[in-house]
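Listed here are the chains, written in short residue letters.
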Amino acid sequence: MSWCQAPVPREIDQNIALQAAKLRASYGFKTPDALFLATAIEEKAEAFITND
């Protein structure tokens, strides 16, 4: 996927939920942020951009 293409919605499956839980436990991320990051990791994203 090119950086200029719109993302495709994805369900939160068990792998993403577990990865998000590990991120929360290790780094103290809030749940929404952990889910965003876990999804990016599972999708092998090349970049993650946020306004926070």
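The structure this text deals with has already been given above.
This report concerns the structure included in the present document. In this text the structure is predicted, and so the values were computed from the model without any measurement.

Cut-offs and rules
Residues numbered from 1 in each chain as written. Predicted model: local features only at pLDDT ≥ 70, side-chain atom pairs only at ≥ 80, totals over all residues. Heavy atoms only, no water. Axes fitted to C-alpha atoms, helices over the stretch in contact; angles between N-to-C directions. Helix = DSSP H or I, 4+ residues; strand = E, 2+ residues; numbered from the N terminus. Parallel < 35°, antiparallel > 145°, perpendicular 65-115°, else oblique. Left-handed = near helix turned anticlockwise from the far one by under 90°. Contact = heavy atoms within 4.5 Å. Nonpolar A, V, L, I, M, F, W, Y, C, P; charged D, E, K, R; others polar. Core = buried A, V, L, I, M, F, W, Y, C linked by side-chain atoms within 4.5 Å. Buried < 20%, exposed > 50% of the residue type's maximum accessible area, 1.4 Å probe, protein only. Phe/Tyr/Trp six-rings, centres within 6.5 Å; stacked < 30°, edge-to-face > 60°.

The next thing to look at is the packing of helix H1 (residues 14-27) against helix H2 (residues 31-42). At a minimum axis separation of 8 Å, H1 and H2 run at an interaxial angle of 125 degrees. By the angle class used here, H1 and H2 are oblique. Read as a crossing pair, H1 and H2 show a hand that is right-handed. Contact residues: H1 offers Asn-15, Ile-16, Gln-19, Ala-20, Leu-23 and Arg-24, while H2 offers Thr-31, Ala-34, Leu-35, Leu-37, Ala-38, Thr-39, Ile-41 and Glu-42. Residues belonging to the contact of H1 with H2 are distributed by class as follows: eight nonpolar, four polar and two charged.

Most often, soluble globular proteins have nonpolar side chains that are buried together. One finds Ile-16, Ala-20, Leu-23, Ala-34 and Ala-38 forming the largest nonpolar core, which totals five residues. Looking at this core element by element, the count peaks at three residues for H1. What Ala-20 contacts, discounting residues up to four positions off in sequence, is Ala-34, Leu-35 and Ala-38.

A separate point is the packing of aromatic side chains. Here the structure, examined in full by the defined rule, presents one aromatic pair. Aromatic pair Tyr-27 and Phe-29: ring centres 6.0 Å apart, planes at 50 degrees, arrangement tilted. Judged by relative accessible area, Tyr-27 falls into the exposed class, the value being 62%.

With respect to the helices and strands, the residue Leu-23 is situated in helix H1. Using a relative accessible area of 10% as the deciding quantity, one classes Leu-23 as buried. When the C-alpha positions of Leu-23 and Ala-34 are compared, they lie 5.9 Å apart, and in sequence the two are eleven residues distant. Excluding anything up to four places from it in sequence, Leu-23 contacts Gly-28, Phe-29, Ala-34, Leu-37, Ala-38 and Ile-41.

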